[in-house]
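Understanding the architecture of this molecule
So you can see what is in the structure, the chains are spelled out below.
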Amino acid sequence: MTEVYPSLLSADFLNLNKELAQLEASGVDGLHFDVMDGQFVPNISIGFPILEAIRPHTTLPIDVHLMISSPEDYIDMFCKKGANKLSVHIEATPHIHRAIQKIKAHDVEAGVVINPGTPVDAIDSILHDVDYVLVMSVNPGFGGQVFIKHTLEKIKQLSILRQKRQLSFKIEVDGGINADTSTQVIEAGADWLVAGSYFFSQTNYQEAVNILKSGE
């Protein structure tokens, strides 16, 4: 079943408590929490204080996406502050297996992320260790970008590999997800959808969830 994770980066931060209540009522499956350091990606975003502030105010799973250099240095803290799922980029560390094991040591779901220019082959040896693969369908760093269509082939490739090897990792897709692209990525094999600009531009969050899941 398809799950929807709105990206808090696009939420109204002046009314975040209200946003959290509306998100819980809408039937979303969790919250996507984007962390950027201005080095690995050309932008800076939310970090520990925001995660620590929202954790007591929602029962939803929080899916932390680290778009940072040297992610191993921050895994322990993000897990302790309340992450339920945490993903790191294959491009950000030469020690991806160590990073994945460090996440799992906290009993947190571990994910590996690939950028649009990174082939699936780059994560082939780690697929049996991860709980999910996050496929970036835009270049990370900014919201509101246009979906890169060739990433559909990566999703299909991962879906085939998963079935062939009888693995259980989920496929998450982030970037340019809207009413049209959600159908395409679900058909390609995606399980989890991250939606930011599109989702928070809707006046009815429950309707947005239903629209995004309609490709099931």
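Residues numbered from 1 in each chain as written. Predicted model: local features only at pLDDT ≥ 70, side-chain atom pairs only at ≥ 80, totals over all residues. Heavy atoms only, no water.

**Regarding the overall build of the chain**
Along the backbone of the chain there are eight helices and eight strands. Here the chain has a C-alpha radius of gyration of 16 Å; the compact-globule value for 216 residues is 17 Å, and the two agree. C-alpha extents for the chain along the principal axes are approximately 40 × 35 × 30 Å. Buried residues in the chain amount to 54% of all 216 residues. A separation of at least 24 residues holds for 64% of the contacts in the chain among residues at least 6 apart in sequence. Accessible area of the chain: about 9600 Å², with a carbon and sulfur share of 48%. Taking the average location of the 16 positive side-chain charges in the chain and that of its 27 negative ones, the two points are 4 Å from each other. (Helix = DSSP H or I, 4+ residues; strand = E, 2+ residues; numbered from the N terminus. Rg over C-alpha atoms; globule rule 2.2 N^0.38 Å. Buried < 20%, exposed > 50% of the residue type's maximum accessible area, 1.4 Å probe, protein only. Contact = heavy atoms within 4.5 Å. Areas by Shrake-Rupley, 256 points an atom, 1.4 Å probe, with all protein chains shown as cover. Lys, Arg positive; Asp, Glu negative; His and termini not counted. Charge placed at Lys NZ, Arg CZ, Asp CG, Glu CD.)

**Here we look at the UniProt feature "binding site: a divalent metal cation" (unreviewed entry) in the chain**
As recorded in UniProt, the feature "binding site: a divalent metal cation" (unreviewed entry) lies at His32, Asp34, His65 and Asp174. The named residues occupy 143 residues along the chain; their greatest pairwise C-alpha distance, 10.6 Å, places them in one compact cluster. Secondary-structure assignment places His32 in strand E2 (residues 31–36). Judged by relative accessible area, His32 falls into the buried class, the value being 0%. (UniProt positions renumbered as here; feature names shortened; annotations may be inferred.)

**Considerations on unusual backbone geometry**
Backbone geometry at Asp107 places phi at a positive 60°, although glycine is not the residue there. With respect to the helices, strands and loops of the structure, Asp107 is situated in the loop between helix H4 (96–104) and strand E5 (109–114). In this structure, Gln166 is a non-glycine residue whose phi angle is positive, near 55°. Among the secondary structure elements, Gln166 is positioned in the loop between helix H5 (151–165) and strand E7 (170–174). Since its relative accessible area comes to 72%, Gln166 is described here as exposed.

**Things to note about the packing of helix H1 (residues 16–26) against helix H8 (residues 205–213)**
It is at 8 Å that the axes of H1 and H8 come closest, and there the two elements cross at 45°. Relative to H8, the element H1 is oriented oblique. Along this stretch, H1 crosses H8, giving a crossing that reads as right-handed. Contact with H1, carried on its side by Glu19, Gln22, Leu23 and Ser26, involves Tyr205, Gln206 and Val209 of H8 and no other residues of that element. Residue composition of the contact of H1 with H8, by class: three nonpolar, three polar and one charged. (Axes fitted to C-alpha atoms, helices over the stretch in contact; angles between N-to-C directions. Parallel < 35°, antiparallel > 145°, perpendicular 65-115°, else oblique. Left-handed = near helix turned anticlockwise from the far one by under 90°. Nonpolar A, V, L, I, M, F, W, Y, C, P; charged D, E, K, R; others polar.)

**Observations regarding the packing of aromatic side chains**
Within this structure, the stated rule accounts for seven aromatic pairs. When the ring of Tyr5 is compared with that of Trp192, the centres are 5.5 Å apart and the planes differ by 45°; the resulting orientation is tilted. A residue pair is termed long-range when its members are at least 10 positions apart, and Tyr5 in strand E1 (residues 3–6) and Trp192 in strand E8 (residues 192–195) qualify at 187 residues. On the basis of relative accessibility, which here comes to 1%, the residue Tyr5 falls in the buried class. A relative accessible area of 4% places Trp192 in the buried class. Taken together, the aromatic side chains of Tyr5, Tyr132 and Trp192 make up a single cluster linked through ring pairs. The ring of Phe169 carries Arg162 above its face, with NZ or CZ at 5.7 Å from the centroid. (Phe/Tyr/Trp six-rings, centres within 6.5 Å; stacked < 30°, edge-to-face > 60°. Lys NZ or Arg CZ within 6 Å of the ring centre and 35° of its normal.)

**Quick word on the pattern of salt bridges**
This model, assessed by the stated rule, comprises seven salt bridges. A salt bridge links Arg165 to Asp124; the nearest nitrogen and oxygen atoms lie 2.6 Å apart. Note that Arg165 is positioned in helix H5 and Asp124 in the loop between E5 and strand E6 (132–136), a separation of 41 residues in sequence. Taking the relative accessible area as the measure of exposure, Arg165 reaches 36% and is therefore partly exposed. Between Asp191 and Arg162 there is a salt bridge, and its shortest N-O distance comes to 2.7 Å. Here Arg162 lies in helix H5 and Asp191 lies in the loop between helix H6 (179–188) and E8, a separation of 29 residues in the sequence. Judged by relative accessible area, Asp191 falls into the buried class, the value being 14%. (Salt bridge = Lys/Arg side-chain N within 4 Å of Asp/Glu carboxyl O.)

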